[in-house]
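# Coordinate analysis (summary)
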Amino acid sequence: MSRYDHTQVEPKWQAAWAEAGAFTARRDPARPKYYVLEMFPYPSGRIHMGHVRNYTMGDVIARYKSSAGFSVLHPMGWDAFGMPAENAAMATGGHPKTWTYNNIAVMRDQMKPLGLSIDWSREFATCDPEYYGQQQAMFLDFLEKGLVYRKNAVVNWDPVDMTVLANEQVIDGCGWRSGAPVERRELTQWFFRISEYSDELLSALDGLENWPEKVRTMQANWIGKSRGLQFSFDLTAPAGDIDAIEVYTTRPDTLMGASFVGISADHPLARQLEAGREDVAAFCAECRQMGTSEADMEKAEKKGFDTGLRVRHPLDPSWELPVWIANFILMDYGTGAVFACPAHDQRDLDFARKYDLPVKNAFFLPGEDTPVGTEALVPAKSETVRFADHFAGIAETTGEAAVEATIRFAETAGWGRGVENYRLRDWGLSRQRYWGCPIPVVHCDSCGVVPERKENLPVLLPDDVSFDVPGNPLDRHPTWRDCACPSCGAPARRETDTMDTFVDSSWYYARFTAPRATTPTDAEDAAYWMNVDQYIGGIEHAILHLLYSRFFARAMNICGHLPDSAREPFDALFTQGMVTHAIYLTRNAEGRPVYHYPEEVESRDGRTVLTETGAEVEVIPSAKMSKSKNNVVDPLNIIRDFGADTARWFILSDSPPERDVEWTASGAEAAFRHLQRVWRLADDVRQRAEEAGAAGPSDEDRALEKATHRAIAEVTAGIEGFAFNTSVARLYAFTTTVAKSQASVPAKAAAMRVMAQLISPMTPHLAEEIWTMLGGTGLVAQAPWPEADPAMLVEDTITLPIQINGKKRSELQVPPDMPKAEIEKIALADPAVQKALGGGSPKKLIVVPGRIVNVVV
RNA sequence: GCGGGCGUGGUGGAAUGGUAGACACAGGAGACUUAAAAUCUCCAGGCGCAAGCCGUGCGGGUUCGAGUCCCGCCGCCCGUACCA
């Protein structure tokens, strides 16, 4: 028997698509456009199953939309700047540029056999000077519009390697290479004014109806709009030139429960005390011996230091509160100072108990008067509570009302004001690293910070750098820093900081619309192709990348690089799950895990064992693929053994796209068998078509035709609804239907041509092959998507389940349009219902036509 | 710590508040074959001979009816601003 040979078929059709230019995106005024984009990959060196999943999903959409008559843009590029290239250079002595471009070449070669409908002519890497040069031009535009500025900010400093560390390079408070405790150090850095747009970025979330609710919620919480009271605590005695501490609180109604005022170790007051007092300096130094990561700070033990200073309570000048420096207060949020109310905040309470500070209830639950013990009383703001002191004329009311009353009270009395505050901070883009986009400014002794002239762009990264010592090679380069001031012409120094790689990925989607333009974008191309109609990527990018991109599109619009309609660049977003795989491990003599490759284990008598030794293996199902755990499945092996279509089919089949999918060898084999079966079916029909003449239409033909239309409707609904796994399930069922059908050969051929079309977004090579075998015209990739005839979807009878007290006990076969009264009559006559009623009448009878009957007895 | 999400048979999963387990994997039985592979047919949530009972992480609640909605737990995953 002949078999489907993917090694022949897949390259053949890839060549045919290329020759037809099937995936070249063209501006076509006659057709609606559709821009589908998957988050572009970091060129780590090899593609993995996560890439296969991401790009296959996008490809399904791209191919489907193309068939549905859209002019499709489906590009691919490389997020190519970043730390791993420098780490590789340090580890192996190569150059980040060589490493990166080699990786890109390898990964491109690995991706092409997947048969993705990508317009490769638009490919670029963010480390191409043509790309980062345009990014530098935009930076200058942003600078001109006041969207970028400089200020001081803290970084993780490794005092041994004398270099700035990323948060992920800080492990348990120490540098990953040196092992030395990190310090926080302040540097002057560049910032984008994203916080100016907090309100717009927040309110515009409402319009993103085709974004997952969870992503919108996460972004809203991240932006963190709050309303509260800002006011000052006066120091009982001034410390230097500071005589008050400004605080912001969202719970001013707890003011009468205040226990102490806490300030950040970076607060101006702390700095001032630090200069003159060793004990304060020691504590602040300890606070700074912690990385800058929020998670680390929050999880660290809460520590404080009593400065000995005291402030007066704004409502009672005789009430004095101590001022503490605390390690969990961020200088970047609010005013860098808070007042603590231990009775109504668990963190404050833990702190107060630890340092034996007073705990006083501001309010109680109605009808209670037990003071807080070890658990803070934190009712929802909407809940009514009884206030202990009626300071703002509030007695028993909700937290919300009390907050507003307190703000009004403070404003009237003139000691505080209601303000809106955002958690979102400005975006620090400076990186003290080599492998990134140089920030195109110059430092001149007489002119200060001067933007580079646009005609001098791109400011190219020098190639002659070494990574044998830690730190930024741009800083120690013998000549690169030297330049002439663009303003006065005197000798000056280039900025040696490069840009955060989030900058690169904040506008690549716009660049794809005109990747070779000599300006960042081309107005006509941007107007035609923007917005991205469907963006697909991992949930890990829910906040930073997507928020920065939303800001960037606005900034680009302000500078004339994007039309007004593209201020919100992604119309629809889909976040896909991870690809996981079982981990197989045994234990060595010390009980440490030893990880085994999937090929090293097999199943014997229901147990999993090492093939070689027969030793029993522990199996951890569904773990994230990780090189160190030896559970990575290489897509190339799958493509070699089974073909790209099998990999694509499997990765779509088993799990809903938004959830994690577990790669299993048996699942991949099953996918392969199914594709073989589809091919055999087509081959069988082709052979019999040559033998047999056409017969007249029969009931079997009609039944197959109805099944075909049902398949069209269901598969299409699955694709439209991003439920590719259900489309796949329908296609399995449709295959069985065709195989078992006794319909005539022409009817079966027609069904199989529709099959070819329906599978074409998922398994495009097999689709082309059987389309051609069965006499389809041209490429199936260019054939119009089939439409289901609604008349063919109507059923003659439907099954109506009968429940008794909500449990299914029987069922009826009825015409779909049977009136309610008649259904009731038949249902009550049903033997199971009769038995349950026992001669009586039902308490209640619910009939949902076309759905269900429920008899309550 | 905080914010967000997820949890259904041996496994992956399906299910506009309306028949829980579609479609597959693994498993079992059978057909074909000298045999195996491949292919095809059938069985299959748990307990029970059966009638039936129990079942969607755990505990409550709303509803005629809850996997789905609400409240509280537990577990895992993502993010936490210099990983990308």
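For every chain, the first residue of its written sequence is number 1, and the numbers climb from 1 along that sequence. Each chain is given a letter, starting from A, and each ligand a number, starting from 1, according to the order in which they appear as written. For a predicted model such as this one, the threshold for reporting local features is a pLDDT of at least 70, and the threshold for listing and counting side-chain atom pairs is 80 or more; totals across whole chains, interfaces and linings nevertheless cover every residue. The basis for every side-chain value is the complete set of non-hydrogen atoms in the structure, without hydrogens or water.

### A look at the overall build of chain A
The condition is simple: Helix and strand definitions here come from DSSP, where helices need a minimum of 4 consecutive H or I residues and strands a minimum of 2 consecutive E residues; each element is numbered from the N-terminal end. Under the scheme applied here, a residue whose accessible area is under 20% of the maximum for its type counts as buried, over 50% as exposed, and between as partly exposed, the area being computed with a 1.4 Å probe on protein chains only. In this description, contact between two residues means that some pair of their heavy atoms is separated by no more than 4.5 Å. Under the convention used here, Asp and Glu are negative, Lys and Arg are positive, and both His and the chain ends fall outside the count. By convention, the charge on Lys lies at NZ, on Arg at CZ, on Asp at CG and on Glu at CD.
Looking only at helices and strands, chain A has 26 helices and 36 strands in total. Expressed along its principal axes, the backbone C-alpha trace of chain A runs to roughly 105 × 85 × 65 Å. Every one of the 857 residues in chain A was classed for burial, and the buried ones make up 53%. Long-range pairs, those at least 24 residues apart, make up 70% of the contacts in chain A with a sequence separation of at least 6. Looking at charge distribution, chain A has the averaged site of its 88 positive side-chain charges lying 3 Å from that of its 117 negative ones.

### What to know about the protein's contact with RNA strand B
Applied cut-off: Any residue with a non-hydrogen atom lying within 4 Å of a molecule or strand is treated as near it. In the analysis that follows, any N or O atom pair within 3.5 Å is treated as a polar contact, provided that within protein one partner can donate a hydrogen and the other can accept it, and provided that, for residues neighboring in sequence, both atoms belong to side chains.
Looking at RNA strand B, there are 69 residues lining it, with Asn167, Glu294, Arg433, Arg851 and Asn854 nearest. A distance of 2.8 Å separates a sugar or linking oxygen of RNA strand B from a polar atom in the side chain of Asn221. Counting residues per element, the surface near RNA strand B draws most heavily on helix 22 (residues 724-740), at 7 residues.

### Let's talk about the confidence of the model for chain A
The condition that has to hold: pLDDT is a per-residue confidence score from the predictor, ranging from 0 to 100.
Of the residues in chain A, 95% reach a pLDDT of 70 or more, and the chain-wide mean stands at 90. Listed scores for the predicted complex are pTM 0.92 and ipTM 0.93.

### Things to note about empty space enclosed by the protein
Condition: A 1.4 Å probe that fits but cannot get out identifies a cavity on a 1 Å grid over protein atoms alone, an open set with protein on both sides within 12 Å along at least five of seven lines counts as a pocket, and a residue lines either if it has an atom within 4 Å of a point. Grid points are joined across faces, edges and corners, and a volume is the space filled by probe spheres set on the points. Under the scheme applied here, ten amino acids are nonpolar (Ala, Val, Leu, Ile, Met, Phe, Trp, Tyr, Cys and Pro), four are charged (Asp, Glu, Lys and Arg), and all others, including Gly, are polar.
Counted by the stated rule, this structure contains 2 cavities of 30 Å³ or more. Roughly 190 Å³ of volume is contained in the largest cavity. Surrounding the largest cavity, 16 residues form its lining, Met90, Thr163, Val164, Gln169 and Arg433 being those nearest its centre. Those elements that place two or more of their residues in the lining of the largest cavity are helix 3 (83-92) and strand 4 (163-165). With 4 residues, helix 3 is the single largest residue contributor to the lining of the largest cavity. Taken as a whole, the second largest cavity spans an internal volume of roughly 40 Å³. As for the second largest cavity, its lining consists of Tyr4, His6, Glu10, Phe642, Asp645, Thr646, Phe672, Leu675 and Gln676. Top contributing element to the lining of the second largest cavity by residue count: helix 20 (residues 665-691), with 3 residues. Grouping the constituent residues of the lining of the second largest cavity by class yields 4 nonpolar, 3 polar and 2 charged.

### Remarks on the sheet that holds strand 20 (residues 441-444)
Filter applied, for reference: At least two DSSP bridges between two strands are required for those strands to pair. Axis definition: a line fitted to C-alpha atoms, limited for helices to the stretch in contact. Angles are taken between N-to-C directions and run from 0 to 180 degrees.
Spatially, 4 strands are ordered 21-20-23-22 in an open sheet, and the strand pairing comes out antiparallel. The open sheet has two edge strands, strand 21 (448-451) and strand 22 (482-484), and neither has a second partner. The sheet shows a mean angle of 45° between the axes of neighbouring strands, taken without regard to direction. Across 2 bridges, strand 20 lies against strand 23 (residues 491-494) in antiparallel orientation.

### Regarding helix 8 (residues 268-276)
To keep things clear, this is the line we draw: The arc in question is the one spanned by the directions pointing from the helix axis to the C-beta atoms.
For helix 8, the complete set of buried residues consists of Leu269, Ala270, Leu273 and Glu274. Summarising the axial view, the buried residues of helix 8 lie within an arc of 135°, below the 170-degree limit, and thus occupy one face. Across from the buried face of helix 8, at angles greater than 90 degrees, the exposed residues are Ala275 and Gly276. Buried residues along helix 8 sit in contact with strand 8 (226-239), strand 9 (242-249), strand 10 (260-263), helix 9 (278-288), strand 11 (304-313) and strand 12 (316-326).

### Details of the sheet that holds strand 33 (residues 798-804)
Spatial ordering of the open sheet is given by 34-33-36-35, a layout of 4 strands whose pairing is mixed. In this open sheet, the two edge strands, each paired with only one partner strand, are strand 34 (807-814) and strand 35 (844-848). Along the sheet, successive strands turn relative to each other by an average axial angle of 20°, direction set aside. Judged from the 5 bridges that link them, strand 35 and strand 36 (residues 852-856) form a sheet pairing that is antiparallel. Its bridge partner being in strand 36, Val848 is matched across the sheet by Ile852. Across the sheet, helix 25 (residues 820-829) is in contact with strand 33, strand 34, strand 35 and strand 36; its angle to strand 35 comes to roughly 125°.

### Side note on the pattern of salt bridges
Where we set the bar: Each salt bridge in this description consists of a side-chain nitrogen of Lys or Arg and a carboxyl oxygen of Asp or Glu lying within 4 Å of one another.
Tallied over the full model, the rule gives 43 salt bridges. Between Glu714 and Arg730 there is a salt bridge, with its nearest N and O atoms 3.2 Å apart. With Glu714 in helix 21 (residues 699-720) and Arg730 in helix 22, this residue pair connects regions lying 16 residues apart in the sequence. A network of salt bridges, in which partner residues are shared, links Arg184, Glu186, Asp266, Arg271, Glu274 and Arg288.

### Topic: the environment of Ile47
Here Ile47 lies in the loop between strand 1 (33-38) and helix 2 (49-67). Exposure remark for Ile47: the relative accessible area of 3% places this residue in the buried category. With 64 residues separating them in the primary sequence, Ile47 and Met111 have C-alpha atoms 7.3 Å apart. When neighbours within four sequence positions are excluded, Ile47 is seen to be in contact with Val52, Met107, Gln110, Met111, Leu114 and Pro635.

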